[in-house]
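Chain by chain, the residues run as shown.
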Amino acid sequence: MASTSPYFTPGVLTRNMSRRVCAAAGGSGPNLAKLSRLQQPGTSCGRPARRDAAEQPAAHSIQETVREVPQVQFGDSVPRNAAKQKRERLQAGCNSRRVSQCASPADETNSTWQPKDWREQWDNITEMRKGRDAPVDSMGAEQCFDKTATPEVMRYQVLLSLMLSSQTRDHVTFAAMNKLRDHGLTVENILTMEDKTLGELIYPVGFWRSKVKYIKQTTVILKEQYNGDIPSSISELLKLPGVGPKMSHLIMKIAWNNVSGISVDTHVHRIVNRLKWVRKETKNPEESRQALEEWMPRELWSRTNWLLVGFGQQTCLPVNPRCAGCLNRDICPSAKNNLRKTNPGLPPSSLHQPCQQQQ
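These numbers come from a predicted model, not from an experiment.

### Topic: the packing of aromatic side chains
According to the stated counting rule, one finds 5 aromatic pairs in the structure shown. The interplanar angle of 85° and the centroid separation of 6.0 Å between the aromatic rings of W277 and W295 together place this pair among those described as edge-to-face. A residue pair is termed long-range when its members are at least 10 positions apart, and W277 in the loop between helix 13 (266-274) and helix 14 (285-295) and W295 in helix 14 qualify at 18 residues. Put simply, the rings of W113, W118, W122, W277 and W295 touch in pairs and so form one group of aromatic residues.

Okay, here's the thing in structure tokens:
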């Protein structure tokens, strides 16, 4: 005998049925007599059997009747709480709207984000730099090579000047380059020069011992692989010992007149974070370069390094920046904090007013 569904209790009228469903437990006594009576033809649980389409009486036994009842899976016939269903639908709708609201702004700003007031800040810095009297203007990499030499020698001298400039002030680099040029700054002369002599000529640039090694190794590579010239691509320049991304982009601009990217050193890295020209604070110059190139117009890339390096040398100093004399003091996100530190007696209403020029 087929087992009955757990939702049909023997002898009880269910919600979904209009007749009693009887289940025999087996054995003798009243149950057996009841079972024999129910199994008589033409009856089903004590009620007249339903007729089929041909109006023929059905003669099913109680076992067949129970077998015809569909086997209900647990939970299928249990009505769900309407209020709970409504809450779930509402919650699902809210979640989908929340996801779309979170995703849409990011997608829209990936290509359109620009820093607030950046164009006015750029123009103000350009105005402050119009005198071209910062150290980079007179002793930077563009002033260190011999402009009367052959193109290959000029490019080689640009490369060496930038290798020496790492972690070194402009006037120190400029003096070292002048001494090298006096001894003949060519690939052939550097290859024949002793390491001790080279070290004496470039001292006291930062990390001069390591730079002696890098210069010698790089010069050998240039002689063997580039016929005494320098590489003309970023990927090849980065393979040279002691050459990083900042140097590579500046070499491409000065030596090859090709703007391949923004050259970001410590000055540029510091200033763009102070001005909030990056969407989030960057940890190193290379991160700053990538963040700048995402939004800055390409026609400004070649001027960015020169503009911001000189600005960092004269006004936006690493320590105690001269915010009071800066034209961006009213629109620089960092100027208010700096003015408060250097002028603790200022009332809040005076933070946007010009202050006395710092000495």
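Okay, back to it.
### So, the pattern of salt bridges
Side-chain pairing between opposite charges can occur once the charged atoms of the two side chains come close. Throughout the structure, instances matching the rule amount to 9 salt bridges. R129 serves as the salt-bridge partner of D137, at 2.8 Å between the closest nitrogen and oxygen. Taken as a pair, D137 and R129 share a single burial class, namely buried. In this structure, D195 engages K216 in a salt bridge whose closest nitrogen and oxygen atoms are separated by 2.9 Å. Note that D195 is positioned in helix 9 (residues 195-202) and K216 in helix 10 (residues 208-225), a separation of 21 residues in sequence. On the basis of relative accessibility, which here comes to 45%, the residue D195 falls in the partly exposed class. With relative accessibility at 16%, the residue K216 sits in the buried group. If you follow the salt bridges from partner to partner, you end up with E286, R289 and E293 in one network.

### Some points on the nonpolar core
With 35 residues, the main nonpolar core has Y156, L159, L164, L180, L198, I215 and I251 as its most contacted residues. Elements that contribute at least two residues to this core include exactly helix 6 (151-165), helix 7 (170-182), helix 8 (187-192), helix 9, helix 10 and helix 12 (245-256). Looking at this core element by element, the count peaks at 7 residues for helix 6. Residues within four places of L164 in sequence aside, it is in contact with T173, A176, M177, L180, I202, V205, K211 and I215. Listed in part, the 29 residues of the second largest apolar core include W122, I125, M296 and C323.

Cut-offs applied
Residues numbered from 1 in each chain as written. Predicted model: local features only at pLDDT ≥ 70, side-chain atom pairs only at ≥ 80, totals over all residues. Heavy atoms only, no water. Phe/Tyr/Trp six-rings, centres within 6.5 Å; stacked < 30°, edge-to-face > 60°. Helix = DSSP H or I, 4+ residues; strand = E, 2+ residues; numbered from the N terminus. Salt bridge = Lys/Arg side-chain N within 4 Å of Asp/Glu carboxyl O. Buried < 20%, exposed > 50% of the residue type's maximum accessible area, 1.4 Å probe, protein only. Core = buried A, V, L, I, M, F, W, Y, C linked by side-chain atoms within 4.5 Å. Contact = heavy atoms within 4.5 Å.

All we've got here are geometric facts, nothing functional implied.
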